[in-house]
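In case you want the letters, here they are:
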Amino acid sequence: MASSCSQALRHHVCKSSRILRVHLQKAWPNRSFVLNPAADQQPAVSSPEEIVIPKKKTWSKEAVLQALASTVNRDPTASDYRFQDDPYLTPKTSSEFKLFSLSQESGRNAAKYFISTYPKYFQKDYAQPHIPCLMPETLEAQLEEVSEAALIERIQMRKVKAAVDLYDQLQQAGTPVSLDVTNQLLDLICFYGDCDPAQENVPEQRNEETVGQENKLSHNKRSPCLVFSFRENNNAERVFALLSEPNTHSYSALIRGMVKYGAYSKAFSTYTDLLNNQLKADVSTFNALITAAPEVKEKYNEKWELIVDLLKQMAEQKVKPNLLTLNAVLKALRRCGTVGKSQAFPVISEMRALSIDPSLASYNHLLSIFYKPGHKGQTDILQEVMNEVSGKSFTPQDPDDAQFFITAVRICLDTKDIEQAYRVHELLGVGENWRLLGNDFQQNIYHARFFSLLCMMENIDVVLKWYRDLVPSVYYPSSNVMRDLLQALDTDNRLDLIPQIWKDLKQLGHGNRQTLVEELLTLMAREKQNQEVQETFAECALDIKKMYDTGDRGKVMMSWTAGSLSDLVSVLLAAQRRQDAWEILKLFKTHNRVPSEELLDKFLTCIKESGDVNQALELVQISAGFCLPGTPKLIQRVQQEFLLSEQQK
């Protein structure tokens, strides 16, 4: 039965292949077509006039997912992918986004901690195929004896202090340690400093001392390991001194560690020792020294001369530069003033002659050389850079690649160049360039600058189109950006959209920003709109009053000012909400604020339309209670415009 089915299937496949070949030969009579039955084992070799049709194609494991992903675009109405599993916790503000994402990551780390701490309870592997990252990690060393194998184990586990202690024990016991293992230890110490790397899945014990240290570190914006400096006789230099014959790898690890932790002069001194020992440096060593060059010289020309000298030594030692060398030179030129501007393009030309293609970090350094923050000049260099990178898909090659988009859009904002901003944003959508936008903080900076430029340069319809596309699916605007949006509404005379923007302000968590709310009230009170718009303004104004009364989450966050009360009264009067306006007018006395004479005149005009004499008299009493200079004038208006009884007179 099975054999007959397989024979029928083979017959059907062969028949289909013959039909396909006949049709192809009719379409291309000058070409021959060959069905390659072994195309999945080895690549087919064909002549230019021969088309080989493989019988089978081997796809990658992610091919189906990639094909499905290519059929859909980003949904501007959906939340970030991290929160789609729990719609209840979908963030609506930037603070909630940060809180929820950190909470989610904290939960994962807590789960990893329990799995790794108690691995015997999590030995059952349900995943098919096996997924190593879901299984318990080994946090404790398995080898307890003092041996080189135990040292290698601790190095692989990135336990810096334990590895150094074990190395010292081996030295005291007279056990020789191979040069390769010692170099691995040097790499570990120089990369992490004299401290163990922070474990993401280990809960942190917090007390007053650690909190105080965290505050200092957050002020310096440095991790604990970066506080480490190359003091005298530190572990890195001590281990290096114990080497009888250090090789290039040993010197390279030490020099890179010195540069990373700020010991720039020591790095050059160690490089001199390397040359005195008749050794040649590798490309990583030269890259580190080029990075440190601006730190050891003061004058611009001296910095550049040192960089050129290092490049000449690379040529003498026959060390081929790489992309990181190009980026290190350009990054150093950012601190060379006018010398950097004159040498930037020759450096890129020289590297291209060496078949080194610049990365986004290279272009970022180039832009930073010519465009300092606040630059107001031309964007010729930016245009040349965009002409070079437009339509290209980049891959991460340098940590500074993530700075390109932020720098480019900052230049566009400083120079008010909306055309180049569109080109930058278009480049972001090519291939997987969006991965080079950086972390959440960098993405927020990019979108804030891009949207602020849109608010300044585009009409309101275009601004709102981008607003609906970006907010809140990929971007949670700050109060300053929302103020830019209000100014764009004012510029294009589309104040009728203010109530809609107010709803977004509340949803984005800006309903308690006093300066923003006061500006919104001022815009609504400045000009009188048609009755329908004034009704929506009135509803919006009363909703704003609730925010003043209760604040956010039951806390009073804003205090009434004379200006905000006056604007609120004016909005309500324009909508014929006299009674609501009267209640707001009483708040002046409650909050010790003084109304303006113009506001009371406007209120009296509104009262005159209804003919309410008693309320007019109360308005006069309110004016007299504040001892306003315009009270006699107000009394005169009441006497002339209202019919008063003798008692009222």
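Residues numbered from 1 in each chain as written. Predicted model: local features only at pLDDT ≥ 70, side-chain atom pairs only at ≥ 80, totals over all residues. Heavy atoms only, no water.

A. Quick peek at the overall build of the protein chain. Each helix and strand in the protein chain was counted, giving 30 helices and 2 strands. Relative to its 649 residues, the protein chain shows a buried fraction of 40%. Sequence-distant contacts in the protein chain: of pairs separated by 6 or more residues, those separated by 24 or more amount to 64%. Total accessible area computed for the protein chain in this model is approximately 37,400 Å², and 52% of it derives from carbon and sulfur atoms. (Helix = DSSP H or I, 4+ residues; strand = E, 2+ residues; numbered from the N terminus. Buried < 20%, exposed > 50% of the residue type's maximum accessible area, 1.4 Å probe, protein only. Contact = heavy atoms within 4.5 Å. Areas by Shrake-Rupley, 256 points an atom, 1.4 Å probe, with all protein chains shown as cover.)

B. Here's a closer look at the packing of aromatic side chains. Enumeration over the complete set of coordinates arrives at 17 aromatic pairs. Centre to centre, the rings of Phe191 and Tyr192 are 4.9 Å apart; their planes meet at 85°, and the pair counts as edge-to-face. Summarising the aromatic geometry, the rings of Phe240 and Tyr251 are spaced 4.9 Å apart at their centres and angled 75° between planes, so their arrangement reads as edge-to-face. Note that Phe240 is positioned in helix H9 (residues 235-241) and Tyr251 in helix H10 (residues 248-260), a separation of 11 residues in sequence. The burial state of Phe240 is the same as that of Tyr251; both residues are buried. In textbook terms, an aromatic cluster arises when at least three aromatic residues are bridged by ring pairs, as seen for Phe404, Phe405, Tyr422, Tyr446, Phe450 and Trp466. Between the NZ or CZ atom of Lys260 and the centre of the ring of Phe191, over which it lies, the distance is 3.8 Å. Just above the ring of Trp466 sits the side chain of Lys465; from NZ or CZ to the centre is 5.1 Å. (Phe/Tyr/Trp six-rings, centres within 6.5 Å; stacked < 30°, edge-to-face > 60°. Lys NZ or Arg CZ within 6 Å of the ring centre and 35° of its normal.)

C. How the structure looks around the packing of helix H24 (residues 514-526) against helix H26 (residues 562-574). At a minimum axis distance of 9 Å, the contact between H24 and H26 shows a crossing angle of 35°. Where H24 crosses over H26, the handedness of that crossing is left-handed. For the pair formed by H24 and H26, the contact residues are Glu518, Leu521, Thr522, Met524 and Ala525 on the first element and Ser564, Asp567, Leu568, Ser570 and Val571 on the second. (Axes fitted to C-alpha atoms, helices over the stretch in contact; angles between N-to-C directions. Left-handed = near helix turned anticlockwise from the far one by under 90°.)

D. Region of interest: unusual backbone geometry. Cis geometry is adopted by the peptide bond preceding Pro472, which originates at Val471 and carries an omega value of -5°. Structurally, Pro472 is set in the loop between helix H21 (460-470) and helix H22 (479-491). Even without glycine at this site, Gln278 takes up a positive phi of about 60°. Turning to its location among the elements, Gln278 is positioned in the loop between helix H11 (264-276) and helix H12 (283-296). Of note in the backbone geometry, Asn493 takes a positive phi value of approximately 55° without being a glycine. When you line up the elements, Asn493 lands in the loop between H22 and helix H23 (498-507).

E. Here's a closer look at a nonpolar patch on the surface. Residues Phe114, Tyr118, Tyr121 and Phe122 make up a contiguous nonpolar surface patch of about 460 Å² in total accessible area. Within the element layout of this structure, Phe114 appears in helix H3 (residues 94-117). (Patch = residues over 30% accessible without salt bridge, like charges linked within 9 Å, V, L, I, M, F, W, Y side chains within 5 Å. Salt bridge = Lys/Arg side-chain N within 4 Å of Asp/Glu carboxyl O.)

F. Structural context of the packing of helix H28 (residues 597-610) against helix H29 (residues 613-625). Taken N-terminus to C-terminus, the directions of H28 and H29 make an angle of 170°; their axes are 10 Å apart at the nearest point. Between H28 and H29, the crossing angle belongs to the class labelled roughly antiparallel. Of the residues in H29, those in contact with Leu600, Phe603, Leu604 and Ile607 of H28 are Gln615, Ala616, Leu619 and Ser623. Broken down by class, the residue content of the contact of H28 with H29 amounts to 6 nonpolar, 2 polar and no charged. (Parallel < 35°, antiparallel > 145°, perpendicular 65-115°, else oblique. Nonpolar A, V, L, I, M, F, W, Y, C, P; charged D, E, K, R; others polar.)

G. Region of the structure containing the nonpolar core. In terms of nonpolar packing, the biggest core is built from 163 residues, with Phe404, Phe405 and Leu485 touching the most fellow members. If near-sequence neighbours (up to four positions away) are discounted, Leu485 is found in contact with Phe451, Cys455, Ile460, Val463, Leu464, Tyr467 and Ile501. (Core = buried A, V, L, I, M, F, W, Y, C linked by side-chain atoms within 4.5 Å.)

H. Highlighting the pattern of salt bridges. Summed over the entire model, instances satisfying the criterion amount to 22 salt bridges. One salt bridge in this structure joins Arg577 and Glu539, with 2.6 Å as the shortest N-O distance. With Arg577 in the loop between H26 and helix H27 (578-590) and Glu539 in helix H25 (residues 531-550), the pair connects residues that are 38 residues apart, well separated along the chain. Arg577 sits in the buried class, given a relative accessible area of 18%. Classification of Glu539 as partly exposed rests on a relative accessible area of 44%.

I. Looking closely at the confidence of the model for the protein chain. Looking at the protein chain, pLDDT values average 82 and 85% of them are 70 or higher. By mean pLDDT, the top-scoring element of the protein chain is helix H19 (residues 418-428) (95), and the lowest-scoring one is helix H7 (residues 208-220) (40). pLDDT under 50 marks residues 201-227. Its contacts with residues more than four places away, or in other chains, come to 21 contacts. (pLDDT = per-residue confidence, 0-100.)

J. Examining H3 more closely. Taking 1.5 Å as the rise per residue, H3 with 24 residues should run 34 Å; its terminal C-alpha atoms sit 34 Å apart, in good agreement. Its buried side turned inward, H3 meets helix H20 (440-457). (Expected span 1.5 Å × (residues − 1).)

K. Expanded view of the environment of Ala408. Its location among the elements puts Ala408 in helix H18 (residues 404-415). For Ala408, a relative accessible area of 0% corresponds to the buried category. For the pair Ala408 and Asn364, spaced 44 residues apart in sequence, the C-alpha to C-alpha distance is 7.6 Å. With near-sequence residues (within four places) excluded, Ala408 lies in contact with Leu367, Leu382 and Val424.

L. Representation of the side chain of Asp414 in the model. Along the chain, Asp414 falls in helix H18. Relative accessible area serves as the criterion here: at 15%, Asp414 is assigned to the buried category. Setting aside residues up to four positions removed in sequence, Asp414 forms contacts with Lys372, Pro373, Gly374, His375 and Lys376.

M. Structural detail: the environment of Asn183. Relative to the assigned elements, Asn183 resides in helix H6 (residues 179-192). It is 8.7 Å that separates the C-alpha atoms of Asn183 and Phe240, two residues lying 57 residues apart in sequence. Look past the residues within four positions of Asn183 in its chain and what remains in contact with it is Leu243, Asn247, His249 and Ser250.

N. H25, seen in detail. Over its 20 residues, H25 extends 29 Å from the first C-alpha to the last, a length consistent with the 28 Å expected when each residue adds 1.5 Å. Among the residues making up H25, those that are buried are Val533, Gln534, Phe537, Ala538, Cys540, Ala541, Asp543, Ile544, Met547 and Tyr548. Its buried side turned inward, H25 meets H23, H24 and H26.

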